[in-house]
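Structural features, examined
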Amino acid sequence: MSTLLDDLHQMWRSRLLEEKIRDLRLAGEIQGSVHLSIGQEAGPVGACSVLGPDDALFATYRGHNWAVARGVPVEGILAELLGRETGVNGGRGGSAYFSDVAHGFHGENSIVGAGAPLAVGAALAGKYDGSNRVALTVFGDGAMNQGAVHESMNFAAALDLPVIFVCENNGWSELTPIDDMVRNPILAERARAYGMLGERIDGNDPAVVRDRVGDAIEAAREGGGPALLELMTQRLVGHYIGDAEQYRRPGELEAAKEKEPIAVAKRKLAAAGVPQNQIDDAEARAREEIDAAAATAQAAPLADPSTVKEHLYA
Amino acid sequence: MPKYSFAEAANAALRRVLDEIPETLLYGEDVGVPGGVHGVSKGLHKTFGDRVFDTPISESAILGSAVGAAMFGRRPIVEIMWSDFFLVALDQVVNQAANVRYVSNGTMTAPLTIRTQQGNSPGAVAQHSQNLEAFFLHTPGLRVCMPSTQQDAYDLLLAAVHCDDPTIVIENRTLYHGAKAEVEINEGVQPIGGLRRRRTGDKATVVSWGAITHKVLEAAKDEDVDVLETVWLNPFPWDEVLDSVRRTRRLAVVHEANRTGGFGAEVITRVAEAGIELTAPPVRLAAPDLRLPAAPVLAAAVIPDTATIAAAIADLATRG
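Along each chain, numbering runs from 1 in the same order as the chain's sequence is written. For this description, chains carry letters from A and ligands carry numbers from 1, given in the order in which they are written. For a predicted model such as this one, the threshold for reporting local features is a pLDDT of at least 70, and the threshold for listing and counting side-chain atom pairs is 80 or more; totals across whole chains, interfaces and linings nevertheless cover every residue. Water and hydrogen atoms play no part in the side-chain values, which are based on all heavy atoms of the structure.

Named according to an unreviewed UniProt entry, chain B is Acetoin dehydrogenase originating from Cryptosporangium phraense. UniProt positions are given in the numbering used here, feature names are shortened, and annotations may be inferred rather than shown by experiment. Quoted straight from UniProt, the Cofactor (unreviewed entry) entry for chain B says "thiamine diphosphate".

For chain A, an unreviewed UniProt entry supplies the name Thiamine pyrophosphate-dependent dehydrogenase E1 component subunit alpha and the organism Cryptosporangium phraense. Its UniProt record gives chain A a comment under Cofactor (unreviewed entry), which states: "thiamine diphosphate".

This is the structure in structure tokens:
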């Protein structure tokens, strides 16, 4: 149970970071579009725990939780979103397109599905540099209908490249149900067409994700080629902050709240006899960290406009 | 010095960078074993093995994987077989490659080279004839060059691969298998940028780039004009161009790409912004805003020919 307790703490770090981001956005301190992944914390926590330091991670615009799970300091993320000099990209990236190469987080992407070809390249580089690198790219169910993702899956399969394609299926392609946009709702089955492993798994259980992604990574590292893992999960919030969510179906959100990973983990820990104060402590420690990081980020100087022309070219 | 065709010169540059820079990779559709549909990468797979390879017909994956590999220390050189094919994967160039360094605040880089070819040749259809350099010049973060001689086919490609920015080398297929010329191959790597002063004169400045430069030179052979071939379009040699126009006070820009939104408009605008008083209105020769027809006789009516260019230059040089 100690692993699950650690996972719960990690999931709380993501959850509370995103709640803080939401509050700062609603207060107008963070500006622009912000896409939260509240309810989807188990996938990143499980998957990132089996990535090595040389492995590559490419996320989507809904990527705060992947960055946190990869080890990117929350203060750097908050400062980035607040447009501060101390942000992970000095304010150039923002909520939907930040990166932190020092922590192996090779970026979000605000173009749906566009990280997949980049991940193929990271894996390709590994074929020549002796790193034995695996690349993991994560995207939503909507991105499964993007051409670049299909090109990437076939490209990686044809060249036996170690790329793990992780589809977080939260049921919503932005504001539209995925079921209405595909004939076969089991997206993992598409992998078979490319000659690679495809599996639909419980994306709300960090242990399942750790196990299945871990196996896929191990196989890929040994030359087994790419894999597609479809993580079934749910988004408890809108596509973006301000989304009226009129597309929600009756009872859907209530059901989702029963399944969401933090609620499930807490129930499991309690059922296993873990003392309530330990369960509560996982949240309390995370809250303390996020509050302190937010205060530091808010106190940091704004990004310096005199540097705005720097770094365009070598 | 060896004598090379344009395609052979590009091949020699590729051979040299593959030989000298272990991080280089060369790939694309039919680039490996077949040696490229235009024969530019002939023999390289045989010499360099799996560093030179074929890919699926997947431009997004080719370009995007090159960006990703470049972010991880490789120096990929990829081919987009016809520049028209860029359009199915422009995201990976405009939204991805061009942003890597800037948005990451300089912590990531994407030193990749994209080779492509463009222009019209007899019988090429509308989707194999477009001149798209302005698309890339409208995108900060990309470097762009357009060689038109055997020597520049070699030198510019070499400089592009050594450049730490994403760089697009736009060749022209009408040049690949033409005459051979002596190519100096032992020179060091030239820095990116600069221009080629192909002709010197006082009556006008003629700026051109790409294969149409050959028509410009033929058209200007009896005229007292500066002909500046701006082989690098980004970085563009603004100082040299403006200096020449300040001296001649007449300006013509000639390109094969469509007129509206073409880079010729930018050249004329910068001259105007610099406050250079011209003695005659500037001249812009370009393809009219049309699609390219397949029939050679129709296509020839669209792209500026030598006689048209000659008449325009002769007229300009005597006006005002």
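**Quick word on the overall build of chain A**
Only DSSP runs of H or I covering at least 4 residues are called helices, and only runs of E covering at least 2 are called strands; the numbering of each starts at the N terminus. Within chain A, the secondary structure is distributed over 11 helices and seven strands. It is over C-alpha atoms that the radius of gyration is taken, and the globule rule equals 2.2 Å times the number of residues to the power 0.38. Since a compact globule built from 314 residues should have a radius of gyration of about 20 Å, the 19 Å found for chain A is in line with a globular shape. Its C-alpha atoms give chain A principal-axis dimensions of roughly 55 × 50 × 40 Å. Within chain A, the fraction of its 314 residues that count as buried is 56%. Residue pairs at least 24 apart in sequence account for 73% of intrachain contacts in chain A once pairs closer than 6 positions are excluded. To measure how exposed things are, a 1.4 Å probe is used in the Shrake-Rupley method; for residues, cover is taken only from the protein chains shown. Accessible surface, chain A as shown: approximately 12200 Å² in total, 50% of it carbon and sulfur. Positive and negative side-chain charges of chain A, numbering 29 and 45 respectively, have mean locations separated by a distance of 3 Å. Think of it in three bands: residues with accessible area under 20% of the maximum for their type are buried, residues over 50% are exposed, and the middle band is partly exposed, with areas taken using a 1.4 Å probe on protein chains only. Note on contacts: a residue pair is in contact if any heavy atoms of the two residues lie within 4.5 Å. Under the convention used here, Asp and Glu are negative, Lys and Arg are positive, and both His and the chain ends fall outside the count. The location of each charge is read from NZ of Lys, CZ of Arg, CG of Asp or CD of Glu.

**Regarding the domain arrangement of chain B**
Residue and element names in this part refer to chain B. Under the domain assignment used here, chain B contains domain 1 (3-182) and domain 2 (195-318). Domain start and stop points were drawn from an automatic or database domain assignment. Centre-to-centre, using C-alpha coordinates, domain 1 lies 26 Å away from domain 2. At the interface, 28 residues of domain 1 touch 26 residues of domain 2. Put simply, buried area is the surface a 1.4 Å probe can reach on two separate parts but cannot reach once they are joined, added for both. Counting each side, the surface lost to burial between domain 1 and domain 2 is near 2100 Å², with a carbon and sulfur contribution of 56%.

**Topic: the nonpolar core**
With 79 residues, the main nonpolar core has A:Leu124, A:Leu161, A:Phe165, A:Leu228, B:Tyr27 and B:Ile114 as its most contacted residues. By residue number, the principal contributor to this core is helix H5 (residues 115-129) of chain A, which donates nine residues. Counting contributing residues, this core receives three or more from each of domain 1 (3-182) and domain 2 (195-318) of chain B. Ignoring sequence-local partners within four residues, the contact set of B:Ile114 consists of B:Leu63, B:Val78, B:Ile80, B:Phe86, B:Val93, B:Thr167, B:Ile168 and B:Val169. Among the buried residues, those of types Ala, Val, Leu, Ile, Met, Phe, Trp, Tyr and Cys that are joined through side-chain atoms within 4.5 Å form a nonpolar core.

**Overview of the side chain of B:Glu59**
Counting through the fold element by element, B:Glu59 comes out in helix H3 (residues 59-71). Buried B:Glu59, no salt bridge; nearest opposite-charge side chain is B:Arg115, N-O distance 13 Å. Setting aside residues up to four positions removed in sequence, B:Glu59 forms contacts with A:Glu151, B:Glu29, B:Ile80, B:Phe85, B:Val88 and B:Ala89. Throughout this description, the term salt bridge denotes a Lys or Arg side-chain nitrogen within 4 Å of a carboxyl oxygen of Asp or Glu.

**Some thoughts on the interface of chain B and chain A**
With 40 residues of chain B in contact, the opposing surface of chain A contributes 37 residues. For the pair chain B and chain A, the interface holds zero salt bridges. Polar contact criterion, stated in full: a pair of N or O atoms within 3.5 Å, where within protein one must be able to donate a hydrogen and the other to accept it, and residues adjacent in sequence count only if both atoms are side-chain atoms. Taken together, chain B and chain A are joined by 16 residue pairs in polar contact (both at pLDDT 80 or more). Secondary-structure elements contributing two or more residues to the side of chain B that touches chain A are strand S2 (24-28), H3, helix H4 (90-96) and helix H5 (100-103) of chain B. Of the residues forming the side of chain B that touches chain A, the biggest block, 10 residues, is contributed by H3(B).

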